[in-house]
Amino acid sequence: MENIELKRFWEQIKEELLATLPENAHPWVYPLEISGYDKGVLTVVTGQMMGRDILRKNYYSIMTEVLQQISGDKNARIVIIYDENAAKTLKKESEKLNKKINDRSLKEQALENLSNMQSAANLNLKYKFENFVVGDSNKFAYSAAMAVAKNPATKYNPLFIYGNSGLGKTHLMQAIGHYIIFNNPKLKVKYTKTEDYVNDYISNSRKTNNNIENMSKFNRKYTNIDVILIDDIQFIESKIKSMENLQYTFDNLYNKGKQIVITSDRVPKDIPTLTAALCSRFEMGLMLELTPPDIETRFEIIKKLADNNDLKYDEEALMYIAKNFVNNVRELEGAFTKVCAYAEITEQPLTLKLAKEVLKCDDNNDEITFDQIARVTASYFDIDIDDIRGTARGQKVSFARHLAIYLCREITNQSFVNISKYFNKKHTTIMFAYEKIKKEKDTNKEITNAIREIRQALKVL
Ligand code: ADP
Ligand code: MG
């Protein structure tokens, strides 16, 4: 694979790892960089010795499974290597800043900003305004984010961006952070995922037994800043104390005239764990929704990826991908990456024919829902759909469930995470069910027949 395909291949694996591994492993996964993939051996490097050891010790088998599943190579292996130079992207960015800023204290502040975002494992250098494709579905959110980045705390405060998963909320939010770091380096920017904020709060209050002095250390960390970016607020837990503390953080920053930006997958009033007090605070600024991009924007998004990476492609191929991945930009990018990787592996040009072969999107497929698949599968086995989505463990029900999961993945191309939500199961359970059927489908007659008949009933052949 060429470098750029390697990178994409790795990004896809990394994303799946982040969806699969528990949150506390994420800080070790984020800094991993791909070094090579040769004869089924994937080599990744990290600048964190401890990260390497933890991943090797605790997560090796699941990482291998993810690799095998994405590469399609059952014998693929992963090797994690410690490398001091692995933080090279951060270094490059730091150098750019160094050149730009002469004032010493400003430089320190800017570097601190940068490393703050990086060390929280949260800075993604791709998530800048210049890499964000603007279309009808996101133009208001984009302009508002840009206005906030240019003039923090003067216009829209708080700025509340909401919309389904994979539509660019984190990207836009981090773009604000990047912009401010580079153009207004004396401002202190902090990006935090809601879960990290809550965990940080809980572990601090546990450690300190609510000792005032130590808690004020925690509070300083979140209030001694100019711009706070809080991602995925829907994950706020209903624990009263952390909620009260979030309100404290919010009021403290707001009253000092600091900028607050929040994202969520829904509007504040639909977050059941949110207190009324916080809800009304979040609603008092500007609330904007990101909706799925139209076909032109989807096409532009993958075209930009291809152009940025100097790839040769047939426009029809990109159009085919854009047509078939409708509701989630992350999945759209994943599909594109997959086609690129195959083009590279098989040394073929990126054509419509190849895209069709790899993605196998039937022209009618984008309409089919998980629910339809589960229903048809349930009726094929003459069981209730609630059993398929439930926890019953009978052999017949389990088998039907596994098949439905397999078909959901094959037919809709949706992520395991989305499928796991529909089936109310853990992401790993879904992955294993999928793999099991995939492995057995060609040798087990019962499976082959069931798949054929269910597909026929769904009119997806
Ligand atoms: P969310 O936070 O809403 O779940 P992300 O911000 O993580 O979504 O976006 C998912 C992926 O899609 C990211 O790789 C992001 O760069 C990309 N993306 C989303 N919207 C756009 C866009 N308008 N232009 C370019 N890339 C986008
Ligand atoms: Mg996000």
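For clarity, every value in this text was computed on a predicted model and none was experimentally measured.

Concerning the overall build of the protein chain
Logical step 1: Helix and strand content of the protein chain: 21 helices and 8 strands.
Logical step 2: Residue burial in the protein chain is summarised as follows: out of 461 residues, 51% are buried.
Logical step 3: By sequence separation, contacts in the protein chain at least 24 residues apart represent 71% of the contacts at least 6 residues apart.
Logical step 4: Per element, the accessible surface of the protein chain, about 22,800 Å² overall, is 48% carbon and sulfur.

Concerning the nonpolar core
Side chains that are nonpolar tend, in soluble globular proteins, to be buried together.
Logical step 1: If you look at the biggest cluster of nonpolar residues, it comprises 59 residues, and the most contacted ones within it are Ile13, Leu42, Met63 and Phe423.
Logical step 2: When residues of this core are assigned to their parent elements, the largest contribution, 10 residues, is made by helix α18 (residues 395-412).
Logical step 3: Dropping the residues within four chain positions of it, Met63 is found in contact with Leu17, Leu21, Leu32, Leu55, Ile78 and Ile80.

Thoughts on a negative patch on the surface
Logical step 1: Residues Glu296, Glu300, Asp314, Glu315 and Glu316 make up a contiguous surface patch of negative charge.
Logical step 2: Of all the elements in the fold, those that place two or more residues in the negative patch are α12 (295-308) and α13 (315-324).
Logical step 3: Assignment of secondary structure puts Glu316 in helix α13.

Observations concerning the sheet that holds strand β3 (residues 77-82)
Logical step 1: The strand order β1-β2-β3 describes an open sheet built from 3 strands, whose pairing is mixed. This sheet does not close on itself; its edge strands, each paired only once, are β1 (33-38) and β3. Mean inter-strand twist for the sheet, computed between neighbouring axes without regard to direction, equals 20°.
Logical step 2: Here strand β2 (residues 41-46) runs beside β3; their pairing, made up of 6 bridges, is parallel. Paired with Val44 across the bridge in β3 is Ile80.

Regarding the site of ligand 1
Logical step 1: Lining the immediate environment of ligand 1, one finds 18 residues, of which Lys126, Gly166, Thr170, His171 and Glu333 sit closest.
Logical step 2: Within the backbone of Gly168, an N or O atom sits 3.1 Å from an oxygen atom of ligand 1.
Logical step 3: Isolated, ligand 1 exposes 560 Å² of accessible area, and the fraction of that covered by the protein chains is 94%.
Logical step 4: Of all the elements in the fold, those that place two or more residues in the shell around ligand 1 are α7 (169-183) and α14 (329-345).
Logical step 5: By residue class, the composition of the shell around ligand 1 is 6 nonpolar, 8 polar and 4 charged.
Logical step 6: In terms of domain composition, the shell around ligand 1 takes at least three residues from each of domain 2 (121-289) and domain 3 (295-359).

Thresholds, definitions, all that
Residues numbered from 1 in each chain as written. Chains lettered and ligands numbered in written order. Predicted model: local features only at pLDDT ≥ 70, side-chain atom pairs only at ≥ 80, totals over all residues. Heavy atoms only, no water. Helix = DSSP H or I, 4+ residues; strand = E, 2+ residues; numbered from the N terminus. Buried < 20%, exposed > 50% of the residue type's maximum accessible area, 1.4 Å probe, protein only. Contact = heavy atoms within 4.5 Å. Areas by Shrake-Rupley, 256 points an atom, 1.4 Å probe, with all protein chains shown as cover. Core = buried A, V, L, I, M, F, W, Y, C linked by side-chain atoms within 4.5 Å. Patch = residues over 30% accessible without salt bridge, like charges linked within 9 Å, V, L, I, M, F, W, Y side chains within 5 Å. Salt bridge = Lys/Arg side-chain N within 4 Å of Asp/Glu carboxyl O. Lys, Arg positive; Asp, Glu negative; His and termini not counted. Charge placed at Lys NZ, Arg CZ, Asp CG, Glu CD. Pairing = 2+ DSSP bridges. Axes fitted to C-alpha atoms, helices over the stretch in contact; angles between N-to-C directions. Near = heavy atom within 4 Å. Polar contact = N/O pair within 3.5 Å; in protein donor to acceptor, adjacent residues only side chain to side chain. Nonpolar A, V, L, I, M, F, W, Y, C, P; charged D, E, K, R; others polar. Domains from an automatic or database assignment.

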